[in-house]
Amino acid sequence: MENSLKREQQMSNSKKALIFLFPSWLLLLIFFVGPVILTFIFSFTNLALTGAEASQLRFIGFENFVRMFNDPAFQTSVVRTLIFVIFSAVIGQCFLGFLIAFMMREKNRAFRRVVGLIIIAAWVTPEVVVSFCWVAFLGDSGTANWLMGLMGFKPVAWLFAFPMISVVVANIWRGTAFSMMVFQSALDEIPREVEEAAVMDGASRWQVIRKITIPMVKGTIATNLMLVTLQTLGVFTLIYTMTGGGPGNQTATLPVFMYKQAFVSYQLGYGTAISLVLLLIGAAASLIYMKMLKVKV
């Protein structure tokens, strides 16, 4: 009898939970699952905004994907995307964020607060504002060339001579704060006694970092890598505002290439097919990180 009452109470609680969660599930279906399904469907169609195809939507199978993988512009955009992600997210934001968090770990609270506010200021600034700041900084008469003039060097057209380096540095400058905060929180959770015991046993500073600190924040590293990689894969405003994907197509990463195909050439079906490839790259990167760091989900 008592067990029966417990089961009935559990069922009642489950029903109440479902009722309260229903609005959240509904919003998730409308604004996330729905668009994903439509994207998948449209990638197999000739959907367009202009021309005869705009009024005659039809299923064309894998034509968009065949066209995509035979398009040299798509192939080079994939390479540029990987370069942008590796140098901007993995090497730049994650490594620099961990380094800053580790260096600030033993500092006093006032110092951490001041440095943290300075770094976080870049992160909370709107992406389009950051883009214009870097355009001004790297412009022909910008601060970068003014500093080079003080050192006796000739001015450089940074956005034309080194466009990919420029957008990578700008994205690192903006996004490092997120990694820093994530790692700072994880490092603060490591018991100091464990590291102090290792030092007393004769371990060097590097051995403590490699054998104790990094393994204890391994899950945080994997999570941060996934989040930063996915965010960097979708960076559009920063690149498009700074270079427009140029000069030529030198900074045309997949989001920029997708935008140009969908909203400049008006080929929405082709653009959605490119977005699916971008989604698959993000999923593959997440699986690689979990496999490399041996993290269980």
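Everything numeric here is computed off the predicted structure, so don't read it as measured data.

What counts and what doesn't
Residues numbered from 1 in each chain as written. Predicted model: local features only at pLDDT ≥ 70, side-chain atom pairs only at ≥ 80, totals over all residues. Heavy atoms only, no water. Axes fitted to C-alpha atoms, helices over the stretch in contact; angles between N-to-C directions. Helix = DSSP H or I, 4+ residues; strand = E, 2+ residues; numbered from the N terminus. Left-handed = near helix turned anticlockwise from the far one by under 90°. Contact = heavy atoms within 4.5 Å. Nonpolar A, V, L, I, M, F, W, Y, C, P; charged D, E, K, R; others polar. 1 Å grid on protein atoms, 1.4 Å probe; cavity = no way out; pocket = protein on both sides within 12 Å on 5 of 7 lines; lining within 4 Å. Points joined across faces, edges and corners; volume = space filled by probe spheres on them. Core = buried A, V, L, I, M, F, W, Y, C linked by side-chain atoms within 4.5 Å. Buried < 20%, exposed > 50% of the residue type's maximum accessible area, 1.4 Å probe, protein only. Parallel < 35°, antiparallel > 145°, perpendicular 65-115°, else oblique. UniProt positions renumbered as here; feature names shortened; annotations may be inferred. Expected span 1.5 Å × (residues − 1). Domains from an automatic or database assignment. Buried area = accessible area lost by both parts, 1.4 Å probe. Salt bridge = Lys/Arg side-chain N within 4 Å of Asp/Glu carboxyl O. Polar contact = N/O pair within 3.5 Å; in protein donor to acceptor, adjacent residues only side chain to side chain. pLDDT = per-residue confidence, 0-100. Patch = residues over 30% accessible without salt bridge, like charges linked within 9 Å, V, L, I, M, F, W, Y side chains within 5 Å. Areas by Shrake-Rupley, 256 points an atom, 1.4 Å probe, with all protein chains shown as cover.

Before going further, it helps to spend a moment on the packing of helix H9 (residues 192–200) against helix H10 (residues 205–216). At their nearest, the axes of H9 and H10 sit 11 Å apart, and the two run at 145 degrees to each other. Here the hand of the crossing between H9 and H10 comes out right-handed. Here H9 contributes Val-194, Glu-195, Ala-198 and Val-199 to the contact with H10, which in turn contributes Val-208, Ile-212 and Thr-213. Its residues assigned to classes, the contact of H9 with H10 shows five nonpolar, one polar and one charged.

This next bit is on the layout of surface pockets. A volume near 510 Å³ is recorded for the largest pocket. For the largest pocket, the lining is made up of 21 residues, of which Val-90, Cys-94, Leu-225, Tyr-289 and Met-292 are closest to its centre. Elements represented by at least two residues in the lining of the largest pocket include exactly helix H3 (72–104), H10, helix H11 (218–233) and helix H14 (268–293). Top element by residues in the lining of the largest pocket is H3. It accounts for seven residues.

Quick look at the nonpolar core now. Core analysis: the largest hydrophobic core is formed by 38 residues, its most contacted members being Met-68, Phe-74, Leu-187, Val-217 and Ile-274. Elements that contribute at least two residues to this core include exactly helix H2 (63–69), H3, helix H8 (163–188), H11, helix H13 (254–264) and H14. With 10 residues, H3 is the single largest residue contributor to this core. Counting 17 residues, the second largest nonpolar core, distinct from the first, contains Leu-138, Leu-159, Val-168 and Val-256.

Closest axis-to-axis distance for the H3/H8 pair is 6 Å, and the angle between their directions is 40 degrees. Taken together, the axis directions place H3 and H8 in an arrangement best described as oblique. In this structure, H3 meets H8 at a crossing whose hand is right-handed. Taken together, the residues of the contact of H3 with H8 break down into 17 nonpolar, nine polar and one charged.

What follows concerns the UniProt feature "transmembrane region" (unreviewed entry) in the chain. If you check UniProt for "transmembrane region" (unreviewed entry), the listed places come out as residues 20–42, 78–102, 114–137, 157–173, 221–243 and 263–289 in our numbering. Structurally, residues 114–137 comprises 92% helix and 0% strand, and the distance from its first C-alpha atom to its last is 24 Å. For residues 157–173, helix accounts for 88% and strand for 0%, while the C-alpha atoms at its two ends are 20 Å apart.

This next bit is on helix H4 (residues 109–124). Taking 1.5 Å as the rise per residue, H4 with 16 residues should run 22 Å; its terminal C-alpha atoms sit 21 Å apart, in good agreement. Those residues of H4 that sit buried are Gly-116, Ile-119 and Ala-122. Turning to H4, the residues buried within the fold contact H3, helix H5 (127–138) and H8.

Each domain of the chain was delimited in the assignment, giving domain 1 (1–43) and domain 2 (71–293). Here domain 1 and domain 2 have C-alpha centroids that lie 36 Å from each other. Residue-level contacts link four residues of domain 1 with five residues of domain 2. Counting each side, the surface lost to burial between domain 1 and domain 2 is near 360 Å², with a carbon and sulfur contribution of 76%. Looking only at domain 1, the three residues that lose the most surface to domain 2 are Thr-39, Phe-42 and Ser-43, adding up to 81% of its buried area. For the pair domain 1 and domain 2, the number of links is zero salt bridges. There are one residue pair in polar contact (both at pLDDT 80 or more) connecting domain 1 and domain 2. The class makeup of the residues in the side of domain 1 that touches domain 2 is two nonpolar, two polar and no charged.

Moving on, we get to the confidence of the model for the chain. Caution applies to low-pLDDT regions: their predicted coordinates should not be interpreted in detail. Here the chain averages 86 in pLDDT, and 94% of its residues register 70 or above. Averaged over each element, pLDDT in the chain is lowest for helix H1 (residues 2–42) (77) and highest for helix H12 (residues 237–242) (94).

Moving on to the UniProt feature "domain: ABC transmembrane type-1" (unreviewed entry) in the chain. UniProt's entry tags residues 79–289 with the feature "domain: ABC transmembrane type-1" (unreviewed entry), counted in the numbering of this structure. Overall, residues 79–289 shows 80% helix and 0% strand. The separation of its end C-alpha atoms is 19 Å.

Within the element layout of this structure, Lys-16 appears in helix H1. The exposure class of Lys-16 is partly exposed, given its relative accessible area of 47%. Distance in space between the C-alpha atoms of Lys-16 and Ala-54 is 46 Å, their sequence separation being 38 residues.

Among the surface-exposed residues, Phe-22, Leu-26, Leu-27, Leu-29, Ile-30 and Phe-31 lie close enough to one another that they form a single nonpolar patch of about 640 Å² accessible area. For Leu-29, the position within the fold is in helix H1. Overall, the relative accessible area of 48% leaves Leu-29 in the partly exposed class.

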